[in-house]
Number of protein chains: 2
Amino acid sequence: MVVLGIDPGLERIGFAAVRKVGSRLEPLGYGLIETPRVALPTRLLLLEEAMTETIDRFSPDALATERLLFAVNKRTAMDVSKALGVILLAGAKSGLQWSEYSPPEIKLAVVGNGAADKHQVQFMVTRLLGLAETPKPDDVSDALAIAICHAMHSPLVAVAGG
Amino acid sequence: MVVLGIDPGLERIGFAAVRKVGSRLEPLGYGLIETPRVALPTRLLLLEEAMTETIDRFSPDALATERLLFAVNKRTAMDVSKALGVILLAGAKSGLQWSEYSPPEIKLAVVGNGAADKHQVQFMVTRLLGLAETPKPDDVSDALAIAICHAMHSPLVAVAGG
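Structural notes, computed from the coordinates. Within any chain, residue numbers begin from 1 and follow the written order of that chain's sequence. Each chain takes a letter, starting from A, and each ligand takes a number, starting from 1, following the order in which they are written. Local features in this predicted model are restricted to residues of pLDDT 70 or higher, and side-chain atom pairs are both shown and tallied only at a pLDDT of 80 or more, whereas totals for entire chains, interfaces and linings draw on every residue. Only hydrogens and water are removed before side-chain values are computed, so all heavy atoms of the structure are retained for them.

All names here are of chain A. Helix numbers and strand numbers start at the N terminus; a helix is a DSSP run of H or I with at least 4 residues, a strand a run of E with at least 2. When you line up the elements, Thr-126 lands in helix α4 (residues 118-128). A simple rule labels every residue: compare its accessible area, found with a 1.4 Å probe on the protein chains alone, to the largest value its type can have, and call it buried under 20%, exposed over 50%, or partly exposed in between. Classification of Thr-126 as buried rests on a relative accessible area of 10%. When residues no more than four places from it in sequence are discounted, the contact partners of Thr-126 are Leu-131, Glu-133, Thr-134 and Pro-135. By the convention used here, residues are in contact when the closest approach between their heavy atoms is within 4.5 Å.

Here the focus is the pairing of strand β5 (residues 97-101) of chain A. All names here are of chain A. Along β5, 4 of the 5 residues are buried, which leaves the element largely enclosed by surrounding structure. Here, any two strands with at least 2 DSSP bridges between them count as paired. Sheet topology note: the strand β4 (residues 62-66)/β5 ladder contains 5 bridges and is parallel. Within the sheet, the bridge partner assigned to Ala-64 lies in β5 and is Ser-99.

The next point concerns the sheet that holds strand β4 (residues 62-66) of chain B. All names here are of chain B. Taken in spatial order, the 5 strands of this open sheet run β3-β2-β1-β4-β5, and their pairing is mixed. The sheet is open, and its two edges are formed by β3 (24-34) and β5 (97-101), each paired on a single side. Looking at each pair of strands side by side, their axes are set apart by 20° on average, direction ignored. Helix α1 (residues 40-58) contacts β1 (2-7), β2 (12-21), β3 and β4 of the sheet and is inclined by roughly 160° relative to β3. Throughout, an axis means a line fitted to C-alpha atoms (over the contacting stretch in the case of helices), and angles, computed between N-to-C directions, take values from 0 to 180 degrees.

For the rest of this paragraph, the subject is the interface of chain A and chain B. When the parts of a complex come together, some accessible area is lost, and that lost area is often taken as the interface size. The interface is formed by 26 residues belonging to chain A together with 26 residues belonging to chain B. Around 2,400 Å² of area is buried between chain A and chain B when both sides are counted, 78% of it from carbon and sulfur atoms. In the sections that follow, a salt bridge refers to a side-chain nitrogen of Lys or Arg positioned within 4 Å of a carboxyl oxygen of Asp or Glu. For the pair chain A and chain B, the interface holds 2 salt bridges. Pairs of N or O atoms within 3.5 Å make up the polar contacts considered here, provided that, within protein, one atom can donate a hydrogen while the other can accept it, and that residues adjacent in sequence are counted only when both atoms are side-chain atoms. Our enumeration of links across chain A and chain B arrives at 2 residue pairs in polar contact (both at pLDDT 80 or more). Those elements that provide at least two residues to the side of chain A that touches chain B are α1 (40-58) and α2 (74-93) of chain A. Considering every element that reaches the side of chain A that touches chain B, the biggest residue donor is α2 of chain A, with 13 residues. Its residues assigned to classes, the side of chain A that touches chain B comprises 16 nonpolar, 4 polar and 6 charged. Each of two parts loses accessible area, computed with a 1.4 Å probe, when they are put together; buried area is these two losses added. Amino acids outside the nonpolar list (Ala, Val, Leu, Ile, Met, Phe, Trp, Tyr, Cys, Pro) and the charged list (Asp, Glu, Lys, Arg) are all regarded as polar, and Gly is one of them.

Glancing now at the relation of the copies chain A and chain B. Overlaying chain A with chain B gives an RMSD of 0.0 Å, the required rotation being 180° about an axis along which the chain moves by 0.0 Å. Both chain copies can therefore be described as sitting about a two-fold axis. Scanning chain A for the C-alpha nearest the rotation axis identifies Lys-82 of chain A, at a separation of 2.2 Å. Interface overlap between copies is the fraction of interface residues in one copy that are interface residues in the other; for chain A against chain B it reaches 100%, indicating a shared surface. A least-squares superposition brings the copies together, and it is based on the C-alpha atoms of residues with pLDDT no lower than 70 in both.

Next comes the structure, spelled out in C-alpha cells:
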C-alpha cells in the first residue's frame, strides 16, 4: 500500500509518498508544492495541477491529511481550508481513500506520545524511514509523519476512509 | 455582461446568473445546488461537476461570491471554505474573473444601505429584476443580490478581478 501524506497549505504544501510492505515503511518521494502569489482562483488551479501530477507520480492508494486547527489565524485557516478543498478534490478524482488525523494522533503514531515535540517527531520520521538526515523544511517532515501515521493505522482506516 | 453570483455553502449553494444590458438587469436563471451527505471528497467532486454545468449553462463573464464571515460556527466556516475553494477552482477553469463582496457591500449596492435587513434586500432584488415574486430559499435570493452587486460595480471590477 502507498500512502500520500499531505501537510495542507496555500503557499507551501508538504507531500510525502510512503510504501508499506509488511511492517516496513519505505519512502518513495517527498517534497514541497509551492504556489505563486497570483489571484486566488489561479493559485488553486495551479495547486490542483501540482496535486494531480504528484498523485500520478506515486500512484498512491490513500490520501492522508493533517486536520486543521482553529487556533491559528482565522484568515489563514480559511485560506488553507480553500486549498484543502482543492487537495481533497484532486484525491477524489483519482479515487483515493481519504483519512484525516489530528496533530496528537500523528505524534502518538510516530513517537508513541501524543504530546511529543517537533524534534522528537522529526527524529522518529528519519529513523523509521532509514533516512540519512531529517527532511527539510518542516512541511515535508510533517507530511512524512502524516503518511507514517496513516500507514500504521491502515488496517483500521481501510474501513473509515472515503 | 453576464455575472454568476454564488452564495457559498457545502450543503446548499445558491446560484444566480444575471445579464447586464446597459443599465438594465435581466435574470437568466437561478436556483440551488445541493450536495448529498456523502464523504467530503466525493461531495466536493459533485460540487465541482454541478458548478461546471452551471457555468456551461449560462456562459458568464464573471464570478461573484459573498465573503465568508468568521462570526459563524468555526467548523462550518472551515467546511464552507473547502467548498469555496472548489467553486473558485471551477471558475478559474472557465477563465472567469472573480470578485468577492462583504454582506454590507452587497446590501449597499442593492438597497443603498449597508445595514439593510434581509427583507429589504429581497424586496429590491425582486423589484430590480422585475420578478413576480421573491425567489426562495434565502440562498437563492442572496445569490441574486451578489450578482446584482457585481453587475452594479462592474466598471470598477473589470480591473480588480482575477
